[in-house]
Amino acid sequence: GGVPPATDLVLGAVAGCLACVLTNPLEVVKTRLQLQGELQPPGTYPRPYRGVLRAVGAVCRADGLRGLQKGLAAGLLYQGLMNGVRFYCYSRAEDAGWTGYPGGTVAAGAVAGAVGAFVGSPAYLVKTHLQAQTLAAVAVGHQHNHESISRAFENIYKQHGVAGLWRGVTGAVPRVAVGSAAQLATFASAKDWVCEHQWFGEGSWAAVLAGGMVSGVAVAVTMTPFDVVSTRLYNQPVDTDGTGKLYRGFLDCILQISSKEGLLGLYKGIGAVYLRLGPHTVLSLFFWDELRKM
C-alpha cells in the first residue's frame, strides 16, 4: 500500500526481470518438453528430453551451459512488460477498491494478467522461438533459426507485419489470466495453511516459499494446458499470409493435441511448470515487496 500505480509498473517490471534470470533455465526445459512429439501419438517419436533433470542435461550437452539461458533477453523483455502492466493494473484495482468485493482479488488478477499478456505477447513469441532452437539431433518443434532477438523481431515484422508480432496471443491471454487468478486465489491461503501446520515460522520467507510451492500445485494443474497451447501457437510455422500451418487457433489447437496426443498431451512439461512456479512466484513477490519498501 501507499505506492502509486505508476511506481508499481516500474517495480513490478524490475521484480519480474530479477525472478526471470533465476528461473529461465526451467522455462527453456519446459518449452522443449511441450514441443516434443508435437501432434504424434505417444510412443511413436524419439524423446531426447525425458523429464526435467534429464532435459537439463540434454540442453547442456547440445548447447552448453549457456543453452539454459536461451531466450533470456526476450524473457526479460516479456517479464518487464507483462509484470509491469500486471502489477500496475492490479494496483489501480486496489486503489479503486475493487479487490474489496467478494471475488474481487481473483477478477482483478485475471484481468490484470490478461492485459499484461497482451502487451507482452510479441516478446513471448520471440522467446519461444529462441528457446526452441537447438542442434538438429535434439530439435523439437519448428525451428525458426533466428540469429538474435533483434533479428527475430525484424524478420517477423518484415514477413507478417504488426499482426505477426501478436500471433499466438489467443493462447497467451487465457494462459496468464487463468494462472494469475489461480495464483492470487491460492497463494495467500496456502501460505497461511503452511504456517498453521507449523512447518515454518509465520512471516519467514521459508513459509512464503513453501506456500508458493503448495499454491503452485493448483496453478500448474489449471495453467499447464493453456501453457502448452500457447507454446504450440507461438512456435508453429506459418504461411506467407501469416496463417498457422498446424493450428487454426486456440480451440483447434486444444482439439488436435487431445485427439492426436491424448489428454496427457495437454500436460506436457508440467514438472518444469510446477518447479518454476513456486520460486518464480516467491521471487517476483519478494523483489516487488522489497522494492516497494525502498
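The following refers to the structure shown. (Residues numbered from 1 in each chain as written. Predicted model: local features only at pLDDT ≥ 70, side-chain atom pairs only at ≥ 80, totals over all residues. Heavy atoms only, no water.)

**Points about the nonpolar core**
(1) Moving on: Core analysis: the largest hydrophobic core is formed by 16 residues, its most contacted members being V29, L33, Y49, V52, A55, V59 and A272.
(2) Moving on: For this core, the secondary structure elements donating two or more residues are α1 (5–35) and α2 (51–63).
(3) Moving on: The residues contacting Y49, other than those within four sequence positions of it, are R32, L33, Q36, A55, A58, V59, T134, V138 and V140.
(4) Moving on: By size, the runner-up hydrophobic cluster in this structure holds 15 residues, among which are M82, A117, L130 and A172. (Core = buried A, V, L, I, M, F, W, Y, C linked by side-chain atoms within 4.5 Å. Buried < 20%, exposed > 50% of the residue type's maximum accessible area, 1.4 Å probe, protein only. Helix = DSSP H or I, 4+ residues; strand = E, 2+ residues; numbered from the N terminus. Contact = heavy atoms within 4.5 Å.)

**A short note on the side chain of Q79**
(1) Moving on: Position of Q79 among the secondary structure elements: in helix α3 (residues 72–95).
(2) Moving on: Within the structure, the side chain of Q79 is placed 2.5 Å from the side chain of N83, a separation counted as a polar contact.
(3) Moving on: Apart from the residues within four sequence positions on either side, Q79 is in contact with A13, G16, C17, C20, G84, R276 and H280. (Polar contact = N/O pair within 3.5 Å; in protein donor to acceptor, adjacent residues only side chain to side chain.)

**A word on the packing of aromatic side chains**
(1) Moving on: Applying the stated rule across the entire model yields five aromatic pairs.
(2) Moving on: Plain terms: the ring middles of Y78 and Y124 are 4.8 Å apart, the flat faces sit at 75° to each other, and that makes the pair edge-to-face. Of this pair, Y78 sits in helix α3 while Y124 sits in helix α4 (residues 104–132); the two residues are 46 residues apart in sequence, bridging distant segments of the chain. As far as the burial class goes, Y78 and Y124 line up, both buried.
(3) Moving on: The interplanar angle of 35° and the centroid separation of 5.9 Å between the aromatic rings of F118 and W166 together place this pair among those described as tilted. Pair noted here: F118 is in helix α4 and W166 is in the loop between α5 (149–165) and α6 (169–196), with a separation of 48 residues, a long-range link.
(4) Moving on: Given a relative accessible area of 45%, F118 falls into the partly exposed group.
(5) Moving on: What makes W166 partly exposed here is its relative accessible area of 27%.
(6) Moving on: Three or more aromatic residues joined by ring pairs make a cluster, and in this case those are Y78, Y124 and Y234.
(7) Moving on: In this arrangement the basic side chain of R86 is found over the ring face of F87, its NZ or CZ atom lying 5.2 Å from the centre. (Phe/Tyr/Trp six-rings, centres within 6.5 Å; stacked < 30°, edge-to-face > 60°. Lys NZ or Arg CZ within 6 Å of the ring centre and 35° of its normal.)

**Overview of the pattern of salt bridges**
When the charged atoms of two side chains lie near each other, side chains of opposite charge can form a pair.
(1) Moving on: Scanning the entire structure with this criterion turns up 13 salt bridges.
(2) Moving on: With its nearest N and O atoms 3.5 Å apart, the salt bridge here joins R248 to D252. (Salt bridge = Lys/Arg side-chain N within 4 Å of Asp/Glu carboxyl O.)

**Concerning helix α8 (residues 250–260)**
(1) Moving on: Where α8 is concerned, the buried positions are F250, D252, C253, Q256 and I257. For α8, the angular spread of the buried residues around the axis is 165°, confining them to a single face. Facing away from the buried side of α8, by more than 90 degrees, are the exposed residues L251, L255 and S259.
(2) Moving on: Buried-residue contacts for α8 involve α6 and α7 (205–235).
(3) Moving on: Directly beyond the C-terminal end of α8, a positive phi value near 85° is found at G262. (Arc of directions from axis to C-beta.)

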